[in-house]
Amino acid sequence: MYRFLQSLQHYINMQPTNTDRPLRVLTFNLGLLRVRLFGISVCTIFSSPPYLPQRLDAILLQLPVLLAERKVDVCALQEIYEESHVEALLSAVQAEMPYHARVSNNRCYQFHNGLLILSRVPIDAVTLEKHKQASVIEMALGCKSCLCIHVTTHLGKISFVNLHTTSSDGVDSVRQNELEEAMVMCETAQSEGYAAAIIGDLNMGPESSKPNYDFLLSSGYRDIVACRAPNIGATWDPNSPLNNTPIFANSPPQRIDHFFVHESAHLVAVQVEKVFAEPSVVIPLKKGTIHVTLSDHFGLLVDVVKVVDMLPPPEQPSLALQTAKEVGAFFIGVVIARLLEMVFES
């Protein structure tokens, strides 16, 4: 009974710290990939997803507003490739998010890795690692990497590894290798006293490439959004006009944008919200207009708190446990006394 009460007390005493001020984190795949002839903007061959100019204008208006109004602390972005786009965004968010991490490691014929992290507070350190494996086309023309920052927040020292894993079908082993490399970066951060988090467009989840999702869970990481997943739903929807192409015809809606933390981090999500899910961008077409979202992905806004174990050492039981023991002993004594009375009366 004592051990049961002690275990119960353990969970009761898991208390959040700084409950009035959660750490607010946003992850968002902007979907700003385009191929241009000779690098000239007006000579765009194609963009993926489509309608990039209109979406970019809307992103530069709406994203800074959300970051300011919601007081976002850390923002992990994927698929922002061109330096002109980065410069425009940094200028727009300078007042609210003055610190950023962006590292180039691509060759002249390759796309940038497309990763950018914005921060409200100074960044302690930045690391970029190029993935050793990727799909064939990504190895040739892309520069798949994971971008890691170390930052000291009001919840403590936290490391965020931002990545955009391979999206090709049938490459779960490649994606697992990319996740393993992110985990190595987390281990390095942990050795330096930082809690570890993996965040971004991981192109896997409960509905797609589940072995990769299960791999992270079995490796000591927790999906802190999972408990609220039924209310959040998919972060990528094949029914969106931005995704409604034959290549995605058989794809289900998927929750593939994630926030994982190592189990030793003691970080939990107290609120999760899907953002930029409304079709707010007006696209004029020959046969009228359509409305699309900012990107083919939705943003994920997560409020995080840190929990601490307040359970006293076993050799020094808490007052509640001591009281429970004394009450239990009292009732046992009463029962024994009554039994003795019955024996002597007979």
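What you see is a predicted model; the values in this text were computed from it and never measured.

*Asks:* Any chance you could break down the overall build of the protein chain for me, citing the residues and the numbers?
*Replies:* Along the protein chain, the regular secondary structure elements total eight helices and 17 strands. Residue burial in the protein chain is summarised as follows: out of 346 residues, 47% are buried. In the protein chain, the proportion of contacts linking residues at least 24 apart, taken out of those at least 6 apart, comes to 72%. Accessible surface, the protein chain: about 17,100 Å² in total, of which carbon and sulfur atoms supply 59%.

*Asks:* Give me the lowdown on the packing of helix H5 (residues 172–191) against helix H6 (residues 210–218), citing residues and values where you can.
*Replies:* With their axes 9 Å apart at the nearest point, H5 and H6 run at an angle of 25° to one another. Relative to H6, the element H5 is oriented roughly parallel. In this structure, H5 meets H6 at a crossing whose hand is right-handed. Every residue of H6 that contacts H5 at Asp172, Arg175, Gln176, Leu179, Glu180 and Met183 is listed here: Pro211, Asn212, Phe215 and Leu216.

*Asks:* An account of the pattern of salt bridges is needed here, citing residue identities and associated values.
*Replies:* Under the criterion given, the structure shown has eleven salt bridges. Two residues, Glu273 and Arg70, come together in a salt bridge whose shortest N-O distance is 2.7 Å. Highlighted residues: Glu273 in strand E14 (residues 267–275) and Arg70 in the loop between helix H2 (52–69) and strand E5 (74–78), separated in sequence by 203 residues. We classify Glu273 as partly exposed; its relative accessible area is 27%. You can call Arg70 partly exposed: its relative accessible area is 23%. With a shortest N-O distance of 2.9 Å, Arg255 and Asp223 are connected by a salt bridge. Pair noted here: Arg255 is in the loop between helix H7 (229–232) and strand E13 (257–262) and Asp223 is in strand E12 (residues 221–223), with a separation of 32 residues, a long-range link. Residue class for Arg255 comes out buried when judged on its relative accessible area of 5%. Overlapping salt bridges, with partners in common, bring together Lys71, Glu96 and Arg120 in one network.

*Asks:* Residue-level account of the sheet that holds strand E8 (residues 123–130), with values.
*Replies:* Reading across the sheet, the six strands line up as E8-E9-E10-E11-E13-E12 and stay open at both edges, with mixed pairing between neighbours. The two strands at the open ends of the sheet, each matched to only one other strand, are E8 and E12. Strand-to-strand twist in this sheet, taken as the mean axis angle between neighbours without regard to direction, amounts to 20°. Alignment of E12 against E13, held across three bridges, turns out to be antiparallel. Residue pairing for E13: Arg222 is matched across the bridge by Val261. Packed on one face of the sheet, H5 meets E8, strand E9 (145–153), strand E10 (156–164), strand E11 (195–201), E12 and E13 and runs near 165° to E10. Of the strands in this sheet, E11, E12 and E13 touch H6, which is tilted by about 125° from E12.

*Asks:* Outline the pairing of strand E7 (residues 116–119), listing residues and values.
*Replies:* Residues of E7 alternate between two faces, with Leu116 and Leu118 on one and Ile117 and Ser119 on the opposite face, all of them buried. Note: E5 against E7, four bridges, orientation antiparallel. Following the sheet pairing, Val74 is matched in E7 by Ser119. Relative to E7, strand E6 (residues 99–101) is paired through three bridges, and the arrangement is antiparallel. Residue pairing in the sheet places Tyr99 in a bridge with Ser119 of E7.

*Asks:* Please set out the packing of aromatic side chains residue by residue, giving values where relevant.
*Replies:* Throughout the structure, instances matching the rule amount to four aromatic pairs. An angle of 25° between the planes, with centres 4.9 Å apart, marks the rings of Phe28 and Phe276 as stacked. Of this pair, Phe28 sits in strand E2 (residues 23–29) while Phe276 sits in the loop between E14 and strand E15 (281–285); the two residues are 248 residues apart in sequence, bridging distant segments of the chain. A residue is classified by how much of its surface remains accessible, and Phe276, at 11% relative accessible area, is buried. When the ring of Tyr213 is compared with that of Phe260, the centres are 5.9 Å apart and the planes differ by 65°; the resulting orientation is edge-to-face. Of this pair, Tyr213 sits in helix H6 while Phe260 sits in strand E13, and the two are 47 residues apart along the sequence. A relative accessible area of 7% means that Tyr213 is categorised as buried. The positively charged end of Lys157 is found above the aromatic ring belonging to Tyr194, 4.5 Å away from the centroid.

Rules of the game
- Residues numbered from 1 in each chain as written.
- Predicted model: local features only at pLDDT ≥ 70, side-chain atom pairs only at ≥ 80, totals over all residues.
- Heavy atoms only, no water.
- Helix = DSSP H or I, 4+ residues; strand = E, 2+ residues; numbered from the N terminus.
- Buried < 20%, exposed > 50% of the residue type's maximum accessible area, 1.4 Å probe, protein only.
- Contact = heavy atoms within 4.5 Å.
- Areas by Shrake-Rupley, 256 points an atom, 1.4 Å probe, with all protein chains shown as cover.
- Axes fitted to C-alpha atoms, helices over the stretch in contact; angles between N-to-C directions.
- Parallel < 35°, antiparallel > 145°, perpendicular 65-115°, else oblique.
- Left-handed = near helix turned anticlockwise from the far one by under 90°.
- Salt bridge = Lys/Arg side-chain N within 4 Å of Asp/Glu carboxyl O.
- Pairing = 2+ DSSP bridges.
- Phe/Tyr/Trp six-rings, centres within 6.5 Å; stacked < 30°, edge-to-face > 60°.
- Lys NZ or Arg CZ within 6 Å of the ring centre and 35° of its normal.

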